[in-house]
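In case you want the letters, here they are:
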Amino acid sequence: MADDLAVEVSDLVKTYWPRSNRAVHAVNHLSLTVATGSVTALLGPNGAGKTTTIEICEGFRRPDAGRVRVLGLDPGRDASVLRPRVGVMLQSGGVYPGARAGEMLAVLAAHHRNPLDVAALLERVGMSEVARVPYRRLSGGQRQRLSLAMALVGRPELVFLDEPTAGLDVQARRATWELVEELRASGVTVVLTTHAMDEAERLADHVVIVDHGKVLAAGSPAELTSGGAKGELRFRAPAGLDIDRLALALPNGTIAKEGPPGRYVVHGDIDPHLLAAVTAWCASNGVMAEDLQVEQRSLEDVFVELTGSALRP
Amino acid sequence: MTDAGVPIGKQTGKPTGAAEPDAGVRQPLDLRPAPGAASRWSMLRAQTMIELKLTLRRGESVLLTLAIPVGLLLFFTAVDVLPTDGGRSVDFLVPGVLALAVMSTAFTGQAIATGFERSYGVLKRLGASPLPRSILLAGKTLAVVAVEIIQVAVVVAVGFALGWHPHGWPLWTGLLLLVATVAFCGLGLLMAGTLRAEATLAAANGVYLLLLLVGGVIVPLSRLPGWLEAVGRALPTAAASDGLRAVLQDGSGLPAGDLAVLCAWAVGSLVLASRTFKWE
């Protein structure tokens, strides 16, 4: 495997309750790569398969099929070699309910050879004041920040953060973003899951949009939103137009798609010719195109287009 | 890899503007990778200490491990209602209470704590750290042994204050306590690793009460109905309390039968627990 890939997942399959009639295809032939030193976001709604995917990478679950390499190793077979090198933030829990925040962090620090200073780390995540408060009395946001600190205390080279900002207030969310940026600057590879578009757009070098256990699209935020020369043209018209014929009428390299029924998107070099070609085709087919607009896409638009549904915030 | 003075990432806290190279500036958090597992010894020490601390901090576990055994000892020594088969009640009670103490810590307390750790994802999270499972379990065992040492010291001290006269060879007592600890740990982990935490809580307390009554702790097995006595004799609590009583009260040699029962429970429960334990 190439040295510049921290994580390599190919054709991953994981099905829960496979033999029952309510089998859940949590991950369904999913492939992705994570470049060493990058921040990669798995973006998708709840139940998309994000957590299952990273829990397989973390060695918690075994894949039914497919190949997974983390730092070039097999997360199941080579778990004992990987554990010191990989930091893990679970979506919830993971702390002795009676332990104080500082105690829990100190226990994990004691598992590592060169841990971060516990007091300094607590301060960095804004937990100094509650270092002596038992976990069960911490607020949701404080638990999240402790969990994040637990992923970092061993000075890992790769961290998996499962929804690191879920339930955080705006301030804590920004602080977490800054910490992730600092991790990248320090050479740590970060894989995080999120269902927040703005988070993925702001933090990630590479975004993998996941739904129904599959990758819908992957690329940098700029690539995904087709920043630069490429743009898109959208219009509304009666559902079920023959878009293959529309595409034939357009310049080469242009793609026409119907997203949700009645909503059409044309990708390509948007220029006056293209605009004219689209309207001419509509006119010759007796179609009234409404709401015709040229725009830059946000990541949210990309998602809506890919899944036909809006992502819950 | 701990090089002072190399500026890393951003400064934490206040923006210092044109920061001078090193002089007196607090080192920002150095997040650069420096992975590695700690020595097994330091992991074991950390795990044992946290387990011990958490156990002693839980009020209900202190009640279970100290207040109930010592309370029973004091109460039934003062109120002479137990059919102790002719012996002095304190000589009868101390061995039974020692067995109860071991059971409460190694089985009941252990099962409940581990069950909740499993349901709170603690075992899962620790499974992602460099901590080997063997050290996780060793830490739990050492914490149990440490609590038992406190229990035995308190029970023995209270016993002496009540005029207890032990007999027998202390080594046999120690051996019985040790094997009983292993057997009860195995049973506790078996329960915690398979049932839901709430079910473990209920079952562990129920079994505790049941074994207290039919395990020869305060009521001699010979006073139970025949069929119940037969059941009781096969249980680890009865083997522990009877074996301890044989040594401490009657001054007999190693009670091989009771030890064999305890060994069977120890091996059986640990084998079953290791096959069925679910870490999350």
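Fair warning: this is a prediction, and the values are worked out from it, not measured in the lab. (Residues numbered from 1 in each chain as written. Chains lettered and ligands numbered in written order. Predicted model: local features only at pLDDT ≥ 70, side-chain atom pairs only at ≥ 80, totals over all residues. Heavy atoms only, no water.)

*Asks:* What exactly am I supposed to notice about the environment of Ser119(B) here?
*Replies:* Assignment of secondary structure puts Ser119(B) in helix H3 (residues 89-119). On a C-alpha basis, the gap between Ser119(B) and Trp279(B) in space is 9.0 Å, while along the polypeptide they are 160 residues apart. (Helix = DSSP H or I, 4+ residues; strand = E, 2+ residues; numbered from the N terminus.)

*Asks:* Quick question: what am I supposed to make of the packing of helix H5 (residues 133-161) of chain B against helix H6 (residues 170-194) of chain B here?
*Replies:* If you want to describe how two helices pack, look at the angle between their axes and the distance between the axes. All names here are of chain B. Contact geometry for H5 and H6: axes closest at 11 Å, N-to-C directions at 130°. On the basis of the axis angle, H5 is oblique to H6. Viewed along their axes, H5 and H6 form a crossing whose handedness is right-handed. Only Leu 177, Thr 181, Cys 185 and Leu 189 of H6 make contact with H5, whose side of the interface consists of Leu 137, Val 144, Glu 148 and Val 152. (Axes fitted to C-alpha atoms, helices over the stretch in contact; angles between N-to-C directions. Parallel < 35°, antiparallel > 145°, perpendicular 65-115°, else oblique. Left-handed = near helix turned anticlockwise from the far one by under 90°. Contact = heavy atoms within 4.5 Å.)

*Asks:* Could you clarify how one ought to interpret the sheet that holds strand S9 (residues 214-219) of chain A in this entry?
*Replies:* Through backbone hydrogen bonds, the strands of a sheet pair up, either in parallel or in antiparallel fashion. Residues and elements named next belong to chain A. The mixed open sheet is built from six strands, whose spatial order is S5-S6-S7-S3-S8-S9. In the strand order of this sheet, the two ends are held by strand S5 (86-89) and S9, each with one partner. Across the sheet, the axes of successive neighbouring strands diverge by a mean angle of 15°, strand direction being ignored. Across the sheet, helix H6 (residues 170-185) touches strand S3 (39-43), strand S6 (158-162) and strand S7 (189-194), and the angle it forms with S7 is around 150°. (Pairing = 2+ DSSP bridges.)

*Asks:* Would you mind going over the environment of Glu178(A) with me for this structure?
*Replies:* With respect to the helices, strands and loops of the structure, Glu178(A) is situated in helix H6. Taking the C-alpha atoms as reference points, Glu178(A) and Ala218(A), 40 residues apart in sequence, are found 23 Å from one another.

*Asks:* Would you take a moment to explain the interface of chain A and chain B for this structure?
*Replies:* Much of the literature gives interface size as the accessible area that the parts lose upon coming together. At the junction of the two partners, chain A supplies 45 residues and chain B supplies 38 residues. Taking both sides of the interface into account, the surface hidden between chain A and chain B amounts to around 3,700 Å²; carbon and sulfur atoms contribute 60%. For the chain A face of the interface with chain B, the top three residues by lost area are Tyr96(A), His111(A) and Arg155(A), together amounting to 22%. Here chain A is connected to chain B by four salt bridges. Put simply, the parts of the chain that give the side of chain A that touches chain B at least two residues each are S5, helix H3 (101-109), helix H4 (118-124), helix H5 (140-152) and H6 of chain A. Considering each element in turn, the side of chain A that touches chain B owes the most residues, five residues, to H6(A). Residues of the side of chain A that touches chain B, tallied by class, amount to 23 nonpolar, nine polar and 13 charged. (Buried area = accessible area lost by both parts, 1.4 Å probe. Salt bridge = Lys/Arg side-chain N within 4 Å of Asp/Glu carboxyl O. Nonpolar A, V, L, I, M, F, W, Y, C, P; charged D, E, K, R; others polar.)

*Asks:* I keep staring at the pattern of salt bridges and nothing clicks. Help me out?
*Replies:* Side chains that differ in sign of charge can pair as their charged atoms come close. A full pass over the atoms with the stated rule returns 25 salt bridges over all chains. Linking Asp78(A) and Arg77(A) is a salt bridge whose minimum nitrogen-to-oxygen distance equals 3.6 Å. Residue classification places Asp78(A) among the buried residues on the basis of a relative accessible area of 16%. Two residues, Asp198(A) and Arg173(A), come together in a salt bridge whose shortest N-O distance is 3.0 Å. A residue pair is termed long-range when its members are at least 10 positions apart, and Asp198(A) in helix H7 (residues 197-203) and Arg173(A) in helix H6 qualify at 25 residues. Its relative accessible area of 39% is what places Asp198(A) among the partly exposed residues. Each of Arg100(A), Glu103(A), Lys53(B) and Arg57(B) takes part in one network of salt bridges that share partners. (Buried < 20%, exposed > 50% of the residue type's maximum accessible area, 1.4 Å probe, protein only.)

*Asks:* What's the story with unusual backbone geometry in this structure? I'm lost.
*Replies:* As a rule of thumb, non-glycine residues mostly have phi less than zero, and peptide bonds are mostly trans rather than cis. All names here are of chain A. Positive phi, normally seen in glycine, also occurs at Arg 155, with a value near 55°. Mapping Arg 155 onto the fold places it in the loop between H5 and S6. Here the phi dihedral of His 212 falls at roughly 50°; this positive angle occurs in a residue that is not glycine. Inspection of the secondary structure assignment puts His 212 in the loop between strand S8 (206-211) and S9. Residue His 212 is classed as exposed on the basis of its relative accessible area, which comes to 61%.

*Asks:* Please explain the sheet that holds strand S2 (residues 24-35) of chain A as it appears in this structure.
*Replies:* Residue and element names in this part refer to chain A. Read across the open sheet, the three strands follow the order S2-S1-S4; overall the sheet is antiparallel. Only two strands of the sheet have a single neighbouring strand rather than two, namely S2 and strand S4 (65-70). Ignoring which end each strand starts from, the neighbouring axes of this sheet average 15° apart. Relative to S2, strand S1 (residues 5-16) runs antiparallel, the two sharing nine bridges. What sits directly across from Leu 5, in S2, is Ala 35. Across the sheet, helix H1 (residues 50-57) lies against S1, S2 and S4, angled at about 120° from S1, the strand it touches most.

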